[in-house]
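Structural overview
Below, each chain spelled out in residue letters.
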Amino acid sequence: AAEADFLTLHLPLTDGTRDMIDSKILSLMKPTMNIINAARGGVINEEALLEALESGKIMGAGLDCFLVEPPNKDPESVSYKLSVHPKVLATPHLGASTREAQEDVAIEIATNVKNALSGDLVPTMVNAPSIQKEQLTKLLPFALLAERLGRLAMGIAGPAAAGEVVIKYNFQKPVDTRLLRAGLIKGIMQPALDMQISIVNADGVARKQGLKVTEVTNLQSKDDSISVEFKGAPIVEGRVISEKPTVTRIGQFLPDLRLDGYLLLYVHDDKPGQMGKAGVYLGDRGFNISYMTIARGEVPGGRSLVLTGLDNKPDKEVLDGIFSLVGHPELAPVLVEFN
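To keep things clear, this report deals only with the structure shown in the data block.

Considerations on the overall build of the protein chain
In terms of regular secondary structure, the protein chain is built from nine helices and 14 strands. For the protein chain, the C-alpha atoms occupy an extent of roughly 100 × 40 × 40 Å along the three principal directions. Considering only contacts in the protein chain between residues 6 or more positions apart, those separated by 24 or more positions represent 68%. For the protein chain, the accessible surface area stands at approximately 18300 Å², while carbon and sulfur atoms represent 53% of it.

Now the structure itself:
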């Protein structure tokens, strides 16, 4: 400091840094010294700085922060005297007022409003449980998985999807399940409600609608996965693969399928010609198939689960037609829509 013409401060205010620039340090500086404080008020002893400026010990100061903020709140304070001193260039401690910061804030606000209106998580929401950023990054794909599995399980269970649902977390390490539980509730209940469901209101919505959510955690799993089950309905299980929600089990069947778009699923007898009949039936009625896959049951020649992706939404008449053509009572055709 004794040789410098400029000294800039960029550090937090702690017991160790409070008044670190005091009259003793200022007395060692050259008359050409300019001090810039872009840190915190209190790092420089303001009385000592004012005396150094008025006596000519230093040339000037650039201050972005003061002990009293805003300084004009107390015109008798040393902070105010420094802010209006002719040798001081004072700025209002508002880095957020720069053009770049304003643009970043505008984008963040617009993104958060969009997420809130869509029922998605807003990390800065004041009335939501606090989740660390590192945890949030890992949990968000699993929250979407829980939502999609809940919607799929609801569609398969039909009238049985009432009262209680069991969600099982198969993870290698303990996780905060609040966001995952909210995703499940949203997947189950959102299609039937006008209000958006989020982590803020999910538990309350479930209680009001009479849905009991039972959570089970298994920390002995080799792969992180989630399963969802309504009483009397097939268990549905899935994993996050390449950041995408993927169903890996429906009852006795073991598919491997991303959960998006329109999904038509049903059980048919495992015999030649079944897929062709369904494909022709859908094609004749203008439905384009984006994918069609089969998950065989435990016994070849028994029954298979068919999962068909469609570009447009079929009505009940089409589902009934598929059932009459190739369906089996174990699971009549069900359409699940993933937004």
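Quick notes on the pattern of salt bridges
When charged atoms on two side chains of opposite charge get close, those side chains can pair. The full count for this structure, using the stated rule, is ten salt bridges. Across the pair arginine 296 and aspartate 270 runs a salt bridge, and its minimum N-O distance is 2.7 Å. Remark: aspartate 270 occurs in the loop between strand E11 (261–269) and helix H8 (274–284) and arginine 296 occurs in strand E12 (residues 289–296); sequence separation between them is 26 residues. Note that arginine 303 and glutamate 330 form a salt bridge whose closest N and O atoms lie 2.4 Å from each other. Taken together, the residues span a long stretch of sequence, with arginine 303 in strand E13 (residues 303–310) and glutamate 330 in the loop between helix H9 (316–326) and strand E14 (334–338) at a distance of 27 residues.

Side note on the nonpolar core
Counting 49 residues, the largest nonpolar core has Leu152, Ile226, Leu265 and Leu305 as the members making the most contacts within it. Here the element with the most residues in this core is helix H5 (residues 133–157); it accounts for eleven residues. Membership of the second largest hydrophobic core comes to 21 residues, among which are Leu53, Phe66, Leu82 and Val88.

What about the packing of H5 against helix H6 (residues 178–189)?
H6 packs onto H5 with a crossing angle of 30 degrees between their chain directions and a minimal axis gap of 7 Å. Between H5 and H6, the angle falls in the class roughly parallel. Relative to H6, H5 is oriented so that their crossing is right-handed. Contacts between H5 and H6 pair Leu136, Leu139, Leu140, Phe142, Ala143, Ala146, Glu147, Gly150, Arg151 and Met154 from the former with Leu179, Leu180, Gly183, Leu184, Lys186, Gly187 and Ile188 from the latter. Class assignment for the residues of the contact of H5 with H6 results in eleven nonpolar, three polar and three charged.

Quick look at the environment of alanine 233
Inspection of the secondary structure puts alanine 233 in the loop between strand E7 (225–230) and strand E8 (236–241). Overall, alanine 233 belongs to the buried group, its relative accessible area being 11%. Along the chain, alanine 233 and isoleucine 250 lie 17 residues apart, while their C-alpha atoms are 9.8 Å from each other.

Brief notes about the side chain of serine 221
For serine 221, the position within the fold is in the loop between strand E6 (212–218) and E7. At a separation of 2.4 Å, a polar atom in the side chain of serine 221 contacts the main-chain carbonyl oxygen of aspartate 223. Aside from chain neighbours lying at most four places away, what touches serine 221 is Asn170, Phe171 and Gln172.

Concerning the packing of aromatic side chains
Taken as a whole and judged by the stated rule, the model has two aromatic pairs. Seen in terms of ring centroids, phenylalanine 142 and phenylalanine 171 are 5.2 Å apart; in terms of plane orientation they differ by 80 degrees. Their pairing is edge-to-face. Of this pair, phenylalanine 142 sits in helix H5 while phenylalanine 171 sits in the loop between strand E5 (164–170) and H6, placing them 29 residues apart in sequence. Overall, phenylalanine 171 belongs to the buried group, its relative accessible area being 1%. Relative to phenylalanine 171, the ring of tyrosine 169 has its centre 6.3 Å away and its plane inclined at 20 degrees; by these criteria the two rings are stacked. In textbook terms, an aromatic cluster arises when at least three aromatic residues are bridged by ring pairs, as seen for Phe142, Tyr169 and Phe171. When the ring centre of tyrosine 281 is taken as reference, the NZ or CZ atom of arginine 285 above it lies at 3.7 Å.

With respect to the sheet that holds E5
Sheets are built from strands that pair by backbone hydrogen bonding, the pairs being arranged parallel or antiparallel. The strand order across the open sheet built from six strands is E6-E5-E7-E8-E9-E10, with neighbouring strands paired in mixed fashion. Edge strands, defined here as strands with exactly one partner in the open sheet, are E6 and strand E10 (257–258). Of the strand pairs in this sheet, strand E9 (residues 244–250) and E10 are connected by two bridges, and their pairing is antiparallel. Within E10, the position partnered with valine 247 by the bridge is leucine 257. Packed onto the sheet, H5 meets E5, E7, E8 and E9 and runs at close to 150 degrees relative to E8.

What counts as what
- Residues numbered from 1 in each chain as written.
- Predicted model: local features only at pLDDT ≥ 70, side-chain atom pairs only at ≥ 80, totals over all residues.
- Heavy atoms only, no water.
- Helix = DSSP H or I, 4+ residues; strand = E, 2+ residues; numbered from the N terminus.
- Contact = heavy atoms within 4.5 Å.
- Areas by Shrake-Rupley, 256 points an atom, 1.4 Å probe, with all protein chains shown as cover.
- Salt bridge = Lys/Arg side-chain N within 4 Å of Asp/Glu carboxyl O.
- Core = buried A, V, L, I, M, F, W, Y, C linked by side-chain atoms within 4.5 Å.
- Buried < 20%, exposed > 50% of the residue type's maximum accessible area, 1.4 Å probe, protein only.
- Axes fitted to C-alpha atoms, helices over the stretch in contact; angles between N-to-C directions.
- Parallel < 35°, antiparallel > 145°, perpendicular 65-115°, else oblique.
- Left-handed = near helix turned anticlockwise from the far one by under 90°.
- Nonpolar A, V, L, I, M, F, W, Y, C, P; charged D, E, K, R; others polar.
- Polar contact = N/O pair within 3.5 Å; in protein donor to acceptor, adjacent residues only side chain to side chain.
- Phe/Tyr/Trp six-rings, centres within 6.5 Å; stacked < 30°, edge-to-face > 60°.
- Lys NZ or Arg CZ within 6 Å of the ring centre and 35° of its normal.
- Pairing = 2+ DSSP bridges.

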